[in-house]
Amino acid sequence: LQADHYFNRSDYIVAARYYAKTKRSFEEVSLKFISNTNNASNLSNPLKLINLKKALKIYLIEKLKFLPSNDKTQKTILSMWLVEMYLNEMNDIDNDQNNVINNDEYQLQKTTLTNEFKRFLRDHKSQVCGLNRECAETTYQLISAHGQMSILLYFAELIEDYENIQDRYRSTRD
């Protein structure tokens, strides 16, 4: 299998794209990336860890594209996982701000990821809030728990939750 070949060569991003197109079970592939991510963090190999996390995110995004439109529950679960991954990545960038060589590099990383996340939310709006009101509430809670208030306001505007926008604005004024 091509995907295994690239994975074994540590070309995780290419492997992720191939895995997304295979019939291999979602759980098996996800666990393969996750277990290797855990190994990389135990070995203190930051570059491998970053590549594995990116590859897992790419795999999930690609898998989401190939799921049948009537598989709404699976799409919602994958989307929520991706929301969590984006938020963790944003927090990692914020936490690593002191390790970044200059502020311009930090701003570029933060802006690029923020725009990518907003595009994801826009493109997958029906999955992050479509099944029922609880999906949108879960997304709100995730974003809020990570302290990403600008994303929270963007999401509220995206789903036209103007009451929430007003509540957030009032709470920041007080």
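For the structure, check the block above.
Scope of this entry: the structure provided in the associated data block. (Residues numbered from 1 in each chain as written. Predicted model: local features only at pLDDT ≥ 70, side-chain atom pairs only at ≥ 80, totals over all residues. Heavy atoms only, no water.)

Right, let's get into the overall build of the protein. Within the protein, the regular secondary structure consists of 10 helices and zero strands. From first element to last, N terminus to C terminus, the protein shows the α and β order α-α-α-α-α-α-α-α-α-α. Here the protein holds 174 residues, and 41% of them are scored as buried. Considering only contacts in the protein between residues 6 or more positions apart, those separated by 24 or more positions represent 57%. Surface exposure of the protein reaches about 10,300 Å², of which carbon and sulfur atoms provide 48%. (Helix = DSSP H or I, 4+ residues; strand = E, 2+ residues; numbered from the N terminus. Buried < 20%, exposed > 50% of the residue type's maximum accessible area, 1.4 Å probe, protein only. Contact = heavy atoms within 4.5 Å. Areas by Shrake-Rupley, 256 points an atom, 1.4 Å probe, with all protein chains shown as cover.)

Its location among the elements puts H146 in the loop between α8 (133-145) and α9 (149-158). With residues near it in sequence (within four places) discarded, H146 still touches E84, L87, N88 and N91.

Under the defined criterion, the tally for this structure stands at 11 aromatic pairs. Ring plane angle 90° and centroid distance 6.0 Å describe the contact between Y19 and F33, whose orientation is recorded as edge-to-face. One end of the pair, Y19, is in helix α2 (residues 12-21); the other, F33, is in helix α3 (residues 26-42), and 14 residues separate them in sequence. Each member of the pair Y19 and F33 is classed as buried. When the ring of Y86 is compared with that of F117, the centres are 5.0 Å apart and the planes differ by 20°; the resulting orientation is stacked. Of the two residues, Y86 sits in helix α5 (residues 72-95) while F117 sits in helix α6 (residues 103-123), which places them 31 residues apart along the sequence. As far as burial versus exposure is concerned, Y86 and F117 are alike and both buried. In textbook terms, an aromatic cluster arises when at least three aromatic residues are bridged by ring pairs, as seen for F7, Y12, Y19, F26, F33, Y59 and W81. (Phe/Tyr/Trp six-rings, centres within 6.5 Å; stacked < 30°, edge-to-face > 60°.)

The next thing to look at is the nonpolar core. If you look at the biggest cluster of nonpolar residues, it comprises 48 residues, and the most contacted ones within it are F33, Y59, F117, L121 and F155. The contact partners of Y59, leaving out residues within four places of it in the chain, are A16, Y19, A20, S25, F26, V29, S30 and F33. (Core = buried A, V, L, I, M, F, W, Y, C linked by side-chain atoms within 4.5 Å.)

Time to look at the environment of D11. For D11, the location among the structural elements is in the loop between α1 (2-8) and α2. The sequence separation of D11 and K48 amounts to 37 residues, and the corresponding C-alpha distance is 9.9 Å.

This next bit is on the packing of α5 against α6. The geometry of α5 relative to α6 is characterised by a closest axis approach of 10 Å and an angle of 165° between their N-to-C directions. Between α5 and α6, the crossing angle belongs to the class labelled roughly antiparallel. Crossing handedness for the pair α5 and α6: left-handed. Touching S79, L82, V83, Y86, L87, E89, M90, I93 and D94 of α5 are Y106, Q109, K110, L113, T114, E116, F117, F120 and L121, all from α6. Of the residues in the contact of α5 with α6, the class split is 11 nonpolar, three polar and four charged. (Axes fitted to C-alpha atoms, helices over the stretch in contact; angles between N-to-C directions. Parallel < 35°, antiparallel > 145°, perpendicular 65-115°, else oblique. Left-handed = near helix turned anticlockwise from the far one by under 90°. Nonpolar A, V, L, I, M, F, W, Y, C, P; charged D, E, K, R; others polar.)

Roughly 880 Å³ of volume is contained in the largest pocket. What lines the largest pocket is a set of 23 residues, and nearest its centre among them are I50, K53, K54, E89 and D92. Mapped onto the lining of the largest pocket, the elements with two or more residues apiece are α3, α4 (46-66), α5 and α6. For the lining of the largest pocket, the element with the most residues is α4, which contributes nine residues. (1 Å grid on protein atoms, 1.4 Å probe; cavity = no way out; pocket = protein on both sides within 12 Å on 5 of 7 lines; lining within 4 Å. Points joined across faces, edges and corners; volume = space filled by probe spheres on them.)

Quick look at unusual backbone geometry now. Of note in this structure, S10 is not a glycine but carries a positive phi near 65°. With respect to the helices and strands, the residue S10 is situated in the loop between α1 and α2. Despite not being glycine, E160 has its phi angle at roughly 60°, a positive value. Within the element layout of this structure, E160 appears in the loop between α9 and α10 (162-173).

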